[in-house]
Amino acid sequence: MKRICVYCGSKVGINGSYAEAATALGRSLARRSCRLVYGGGSVGLMGRIADVVLKGGGEVLGVIPRDLWQRELGHRGLTELVVVDDMHERKAFMAESAEAFVALPGAYGTLEELFEVIAWAQLEIHNKPVGLLNTNGYFDHLLSFLDHSVQEGFLREHHRDLLRVETDAEALVDDLLAHMEAGR
């Protein structure tokens, strides 16, 4: 069973397309018997994707820091839930547990997690594919910034290309699985 880590918001956003994208990605993962690895939350896009994968008969591993669990933000119906001491341990556990990574819309935490794993890929700490589901153009400005970084000589083109971008959940999962099978 392939294990795909998804980083996403603890909110659903104001545009319904973000929740629809989380639903589509969750269905795609469940249909392909991929195990979802995520932050363990019951709210926002995190809760949505976990619920969809579970409803589709898939497995879900949630990893949540103790303080968030104690605030009752943790999902109580997962296949497996790991409660860790802090955010650093959470990120390390999630990265170790996954074979690929996807970011959906979110804010600081989502971006921080995405950039950490893409920087690790750049530094060849891992060779796991990293994808971005660019729903409703949510990440367009971020992608323009990365292109600007290439133009300004701070980011190499082949490192920019480490970030696989799709607007369709099925296409993104297909791409990630193909790269996982090929050993990237």
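Here is a short report on the structure shown in this document. What you see is a predicted model; the values in this text were computed from it and never measured. (Residues numbered from 1 in each chain as written. Predicted model: local features only at pLDDT ≥ 70, side-chain atom pairs only at ≥ 80, totals over all residues. Heavy atoms only, no water.)

1. Brief notes about the packing of aromatic side chains
Given two aromatic rings, one states the distance between the centres and the angle between the planes to describe the pair.
Item 1. Applying the stated criterion to the full structure yields three aromatic pairs.
Item 2. Judged by centre distance (5.5 Å) and plane angle (75 degrees), the rings of Tyr18 and Tyr138 are edge-to-face. Of the two residues, Tyr18 sits in helix 1 (residues 16-31) while Tyr138 sits in the loop between strand 6 (130-133) and helix 6 (140-151), which places them 120 residues apart along the sequence.
Item 3. On the basis of relative accessible area, Tyr18 is assigned to the buried category, the value being 12%.
Item 4. According to the relative accessible area criterion, Tyr138 is partly exposed, its value standing at 35%.
Item 5. Where Tyr138 meets Phe139, the ring centres are 4.9 Å apart and the plane angle is 90 degrees; that geometry is what we call edge-to-face.
Item 6. Taking the relative accessible area as the measure of exposure, Phe139 reaches 3% and is therefore buried.
Item 7. Connected via pairs of aromatic rings, a cluster forms that spans Tyr18, Tyr138 and Phe139.
Item 8. Cation over ring: Arg76 sits above Trp69, and NZ or CZ is 4.2 Å from the ring centre. (Phe/Tyr/Trp six-rings, centres within 6.5 Å; stacked < 30°, edge-to-face > 60°. Helix = DSSP H or I, 4+ residues; strand = E, 2+ residues; numbered from the N terminus. Buried < 20%, exposed > 50% of the residue type's maximum accessible area, 1.4 Å probe, protein only. Lys NZ or Arg CZ within 6 Å of the ring centre and 35° of its normal.)

2. Focus: the pairing of strand 5 (residues 100-103)
Item 1. Of the two faces of strand 5, both are covered, the one formed by Ala100 and Val102 as well as the one formed by Phe101 and Ala103.
Item 2. Here four bridges tie strand 1 (residues 3-7) to strand 5, and the two strands are oriented parallel to one another. Paired with Tyr7 across the strands is Ala103, a residue of strand 5.
Item 3. As paired elements, strand 5 and strand 6 share three bridges and run parallel to each other. Residue Val102 lies in a different strand from strand 6, and its bridge partner there is Gly131. (Pairing = 2+ DSSP bridges.)

3. What about the side chain of His126?
Item 1. One can find His126 in the loop between helix 5 (108-122) and strand 6.
Item 2. At 2.8 Å, the side chain of His126 and the backbone oxygen of Val117 are in polar contact.
Item 3. A polar side-chain atom of His126 sits 2.9 Å from the main-chain amide nitrogen of Lys128. (Polar contact = N/O pair within 3.5 Å; in protein donor to acceptor, adjacent residues only side chain to side chain.)

4. What about the environment of Asp67?
Item 1. Structurally, Asp67 can be placed in helix 3 (residues 66-70).
Item 2. Taking the C-alpha atoms as reference points, Asp67 and Glu152, 85 residues apart in sequence, are found 41 Å from one another.

5. A few points about the packing of helix 1 against helix 2 (residues 44-55)
Item 1. Two numbers describe how helix 1 lies on helix 2: the axes approach to 8 Å, and their chain directions differ by 35 degrees. The handedness of the crossing between helix 1 and helix 2 comes out as right-handed. Of the residues in helix 2, those touching helix 1 at Tyr18, Ala19, Ala22, Thr23, Leu25, Gly26, Arg27, Leu29 and Ala30 are Leu45, Arg48, Ile49, Val52 and Val53.
Item 2. Of the residues belonging to the contact of helix 1 with helix 2, the class tally is ten nonpolar, two polar and two charged. (Axes fitted to C-alpha atoms, helices over the stretch in contact; angles between N-to-C directions. Left-handed = near helix turned anticlockwise from the far one by under 90°. Contact = heavy atoms within 4.5 Å. Nonpolar A, V, L, I, M, F, W, Y, C, P; charged D, E, K, R; others polar.)

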